Amino acid sequence: MRRLHGAGVFAAVAAGLAIFAPAADAQVGTGPWTADSPGYSEQERGCGQVSGLTFQLTCSTGGGDQRAERRYTTYTGGTHQFEGSFKITSMTGTRISLKQTFRDGSNAGPYFLLAVEKGGRMYAVEGGATLGSGATVGTSVRVNTINQVGSSHKVYLNGSLKQTISSPGGSYYDKFGSYRTSSGAGPITVQWSGIRFWHR
């Protein structure tokens, strides 16, 4: 067996670290970031169906609670980043929320909802601001949200900052999947991938 000495040992160790070090190039915002692995629960209501990272609304019902989502663990304080990519594989409905930052505790309720219309327009449900376009069937879109609790909440689409709003103090959690907004209806099938979380 060949032994490594000096620079050889250093090179071997460095190569090993390069293989096992977590990739950070997909992150946005200023670090350093620490990776998180929060727990989650699945929510299926109405005609919502969850299968792994595929989320469906199978009906065209324009009323009631229609959802298929993952809800992640609540956090309080600090700065928290979510990252994930969605691809709509079929959609004859419109105005479906895909990613939410939700307030918890005494002020529980929707805070930020990213939704999509049938034509591919992405918008913030609260206020209706257009955040992007091109979320058409078969196109992948990467979403990052950075919530600095008590300061700001930022939304990035495909790495570009699209919205900055004030973030009140308190507790929050992340959700994604497919959720009928008050003015929307399915059907829709959306696949998520590359789900990652960090804090700093």
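Residues numbered from 1 in each chain as written. Predicted model: local features only at pLDDT ≥ 70, side-chain atom pairs only at ≥ 80, totals over all residues. Heavy atoms only, no water.

J.: Just checking my understanding: could you explain the environment of Arg142 for this structure?
T.: Relative to the helices and strands, Arg142 resides in strand 12 (residues 140-148). Spatially, the C-alpha atoms of Arg142 and Gly194 are 8.8 Å apart, while their sequence positions differ by 52 residues. (Helix = DSSP H or I, 4+ residues; strand = E, 2+ residues; numbered from the N terminus.)

J.: Explain the packing of aromatic side chains here, please?
T.: How two aromatic rings sit relative to each other is given by the distance of their centres and the angle of their planes. According to the stated counting rule, one finds 12 aromatic pairs in the structure shown. With centroids separated by 5.3 Å and ring planes inclined at 45 degrees, the aromatic side chains of Tyr40 and Tyr72 adopt a geometry described as tilted. Highlighted residues: Tyr40 in strand 2 (residues 40-45) and Tyr72 in strand 5 (residues 67-72), separated in sequence by 32 residues. The exposure class assigned to Tyr40 is partly exposed, which follows from its relative accessible area of 43%. Seen from their ring centres, Phe82 and Phe197 are 5.5 Å apart, and the 65 degrees between their planes marks the pair as edge-to-face. Of the two residues, Phe82 is situated in strand 7 (residues 79-91) and Phe197 in strand 16 (residues 188-199); the sequence distance between them amounts to 115 residues. Look at Phe82 and you get buried, because its relative accessible area is 1%. In textbook terms, an aromatic cluster arises when at least three aromatic residues are bridged by ring pairs, as seen for Tyr40, Phe55, Tyr72, Phe82, Phe86, Phe176, Trp192 and Phe197. Just above the ring of Tyr40 sits the side chain of Arg70; from NZ or CZ to the centre is 3.9 Å. (Phe/Tyr/Trp six-rings, centres within 6.5 Å; stacked < 30°, edge-to-face > 60°. Buried < 20%, exposed > 50% of the residue type's maximum accessible area, 1.4 Å probe, protein only. Lys NZ or Arg CZ within 6 Å of the ring centre and 35° of its normal.)

J.: Honestly, the pairing of strand 5 in this entry has me stumped. Any pointers?
T.: Every other side chain in a regular strand lies on the same face of the sheet, so the side chains alternate between the two faces. Most of strand 5 sits out of view: five of its six residues are buried. Here six bridges tie strand 2 to strand 5, and the two strands are oriented antiparallel to one another. Its bridge partner lying in strand 5, Arg45 is registered against Arg67. As paired elements, strand 5 and strand 15 (residues 171-185) share five bridges and run antiparallel to each other. Looking across to strand 15, one finds that Arg71 is bridged to Lys175. (Pairing = 2+ DSSP bridges.)

J.: Can you help me understand the environment of Met122 in this one?
T.: Assignment of secondary structure puts Met122 in strand 10 (residues 122-124). For the pair Met122 and Ser133, spaced 11 residues apart in the sequence, the C-alpha separation amounts to 5.6 Å. If sequence neighbours within four positions are ignored, Met122 has contacts with Phe86, Leu114, Ala115, Val116, Ala129, Thr130, Leu131, Gly132, Ser133, Ala135, Val141 and Leu157. (Contact = heavy atoms within 4.5 Å.)

J.: Sorry, what's going on with the pattern of salt bridges here?
T.: For side chains bearing opposite charge, pairing can occur when the charged atoms are close. In this structure the tally under the stated criterion is nine salt bridges. In this structure, Arg95 engages Glu117 in a salt bridge whose closest nitrogen and oxygen atoms are separated by 2.6 Å. On the criterion of sequence distance, the pair formed by Arg95 in strand 8 (residues 94-104) and Glu117 in the loop between strand 9 (109-116) and strand 10 is long-range, its members being 22 residues apart. For Glu117, a relative accessible area of 21% corresponds to the partly exposed category. One continuous salt-bridge network, built from bridges that share partners, spans Arg45, Asp65, Arg67, Glu69 and Lys175. (Salt bridge = Lys/Arg side-chain N within 4 Å of Asp/Glu carboxyl O.)

J.: Can you help me understand the confidence of the model for the protein in this one?
T.: Fine structural detail should not be taken from predicted coordinates in areas where pLDDT scores are low. With 87% of its residues at a pLDDT of 70 or more, the protein has an overall mean of 90. pLDDT under 50 marks residues 1-25. Its contacts with residues more than four places away, or in other chains, come to three contacts. (pLDDT = per-residue confidence, 0-100.)

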